[in-house]
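Listed here are the chains, written in short residue letters.
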Amino acid sequence: MIVEWGLGCLPDVCTAAGVSSPLLVASPRWSDIELSVDPVARWQEVPSDRISEAVASAERADGVLAVGGGSAIDLGKAISAGAALPLVSVPTTYSGAEWTTYFGVRDPDRRMRGGGGGAHPAAIVYEPELTLDLPPETTVGTAMNALAHCAEALYVEGHNPAADEHARAGARLISEWLPRVVATPRDREARTALLRGASHGGVALAGSMLALAHAMAQAIGGRYGLPHGALNGICLPPVLRFNAAYAPEAVRQFGEAVGAAEDPDGRVEELAALAGPMRLRDFGVPEADLPEVAADAAQRGGNLANPKPAAPQEIEQLLREVF
């Protein structure tokens, strides 16, 4: 993977990735961004479940350039997979999606409509300047997604020393710098450090995969069209408590990384609360649906790769803890 910092590097990065005539995938929010790269076509419906049409729009392109958060980059990955084209990502949030080959497909109402794999990520350009105006809820939500990547990389079935190192580094940076970013949103140093933490989380994710907190967040978010990052902030604390019985050393290492060896779940709750109340009821999740949501989460790959796959009844109890 080619990784560079600063939007000025984008033309050289695209050249190195073999991309000279990209399809630009970016929402209308980024219509005025100066990229110093001339796309041959643009796709602005983000997110979108019109994947076949989006792939067709890349007919004259030799690559995909995705600018935006996880939804834009996931859509870019879907097009990359469908058109067999290299993908260059310019992340504008802390989702970490730029590091993986798999993707979710959501409709414009953000409800999950499927997903897949086989994308061809070739390069990433990080530009902290593009994150300076992120609202607090997006900043905190996507940073919590990155923090969940770090936690889960340490105990998921596929964890390994290389991914563990990135997970610890990412957790340290996110825990240290997220409060400062919330307090001073346009502090470029703080935004850069937080983006570096999210990048470490993305590398850890790519090298290990997801566990139970993500399975729960996916089941809820896909059903109701809710923000994935915020849901990870809600779901991770009870999962840390659950996994402490089955992967105590990994949970301890995560706690040390976030500066709370004795109370890692409490530290995650503190960080998630920087954006306001963090209960499922605050997002309009119906309590009566929790058993169905739990049954959905139990079947997902993240739960099956958890140190101890949780039964639907156990997941329902975890959801009730944060309802």
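Look up: the structure comes first, before these words.
Quick look at the structure, then. Remember, predicted model here, so these are calculated numbers, not experimental data.

Cut-offs used in this document
- Residues numbered from 1 in each chain as written.
- Predicted model: local features only at pLDDT ≥ 70, side-chain atom pairs only at ≥ 80, totals over all residues.
- Heavy atoms only, no water.
- Helix = DSSP H or I, 4+ residues; strand = E, 2+ residues; numbered from the N terminus.
- Rg over C-alpha atoms; globule rule 2.2 N^0.38 Å.
- Contact = heavy atoms within 4.5 Å.
- Areas by Shrake-Rupley, 256 points an atom, 1.4 Å probe, with all protein chains shown as cover.
- Lys, Arg positive; Asp, Glu negative; His and termini not counted.
- Charge placed at Lys NZ, Arg CZ, Asp CG, Glu CD.
- Buried < 20%, exposed > 50% of the residue type's maximum accessible area, 1.4 Å probe, protein only.
- Arc of directions from axis to C-beta.
- Right-handed = clockwise from strand over helix to strand, strands pointing away.
- Axes fitted to C-alpha atoms, helices over the stretch in contact; angles between N-to-C directions.
- Parallel < 35°, antiparallel > 145°, perpendicular 65-115°, else oblique.
- Nonpolar A, V, L, I, M, F, W, Y, C, P; charged D, E, K, R; others polar.
- Core = buried A, V, L, I, M, F, W, Y, C linked by side-chain atoms within 4.5 Å.
- Pairing = 2+ DSSP bridges.
- Phe/Tyr/Trp six-rings, centres within 6.5 Å; stacked < 30°, edge-to-face > 60°.
- Lys NZ or Arg CZ within 6 Å of the ring centre and 35° of its normal.

1. Here we look at the overall build of the protein chain
No. 1: Helix and strand counts for the protein chain stand at 13 helices and 8 strands.
No. 2: Radius of gyration (C-alpha) of the protein chain: 19 Å, near the 20 Å computed for a compact globule of 323 residues.
No. 3: Within the protein chain, residue pairs in contact and separated by at least 24 positions form 72% of the contacts whose partners lie at least 6 positions apart.
No. 4: A total of about 12400 Å² of accessible surface is found on the protein chain, and carbon and sulfur atoms cover 50% of it.
No. 5: Each charge sign in the protein chain was given a centre, from 25 positive and 40 negative side chains, and these centres are 2 Å apart.

2. Looking at helix H11 (residues 290-299)
No. 1: For H11, the set of buried residues is Leu-290, Val-293, Ala-294, Ala-297 and Ala-298. Projection of H11 onto a plane perpendicular to its axis shows the buried side chains occupying an angular sector of 135°, all on one side.
No. 2: At its buried positions, H11 is contacted by helix H7 (212-224), helix H12 (301-304) and helix H13 (312-321).

3. So, the pairing of strand S4 (residues 63-68)
No. 1: The buried fraction of S4 amounts to 6 of the 6 residues, a majority that puts the element mostly inside the structure.
No. 2: Traced from S4 through helix H3 (residues 70-83) to strand S5 (residues 87-91), the parallel crossover comes out right-handed.

4. Details of the packing of helix H8 (residues 228-243) against helix H9 (residues 248-257)
No. 1: The N-to-C vectors of H8 and H9 enclose an angle of 135°; their axes lie 9 Å apart at closest approach. Between H8 and H9, the angle falls in the class oblique. Here H8 contributes Leu-236, Leu-240 and Asn-243 to the contact with H9, which in turn contributes Pro-248, Val-251 and Phe-254.
No. 2: For the contact of H8 with H9, the residue count by class is 5 nonpolar, 1 polar and no charged.

5. As for the nonpolar core
No. 1: With 71 residues, the main nonpolar core has Tyr-155, Ile-220, Phe-254 and Leu-280 as its most contacted residues.
No. 2: If one sorts the elements of this core by residue count, helix H4 (residues 136-155) sits on top with 11 residues.
No. 3: Once residues lying within four places of it in the same chain are set aside, the contact partners of Phe-254 are Leu-147, Ala-151, Leu-154, Ala-171, Leu-236, Leu-240, Pro-264 and Val-268.
No. 4: In this structure, Val-64, Ala-66, Ala-78 and Phe-103 belong to the second largest nonpolar core, which totals 20 residues.

6. Quick look at the sheet that holds S4
No. 1: Across the sheet, 6 strands lie side by side as S1-S8-S5-S4-S2-S3; this open sheet has parallel pairing. Every interior strand has two partners, whereas the edge strands, strand S1 (2-5) and strand S3 (41-43), have only one. Across the sheet, the mean angle from the axis of one strand to that of its neighbour is 20°, orientation sign disregarded.

7. Some remarks on the side chain of Ser-89
No. 1: In this structure, Ser-89 sits in strand S5.
No. 2: Every residue in contact with Ser-89, bar those within four places of it in the chain, is listed here: Ala-66, Ile-73, Glu-98, Ala-123, Ile-124 and Val-125.

8. Some details on the packing of aromatic side chains
The geometry of an aromatic ring pair is captured by two quantities: the separation of the ring centres and the angle between the planes.
No. 1: Scanning all chains against the criterion turns up 2 aromatic pairs.
No. 2: For the ring pair Phe-242 and Tyr-246, a centre distance of 5.3 Å and an interplane angle of 50° mean the geometry is tilted.
No. 3: Given a relative accessible area of 41%, Tyr-246 falls into the partly exposed group.
No. 4: The aromatic ring of Tyr-102 is capped on one face by Lys-77, whose charged end is 5.8 Å from the ring centroid.
No. 5: Directly above the aromatic system of Trp-5 lies the positively charged group of Arg-196, at a separation of 4.1 Å from the ring centroid.

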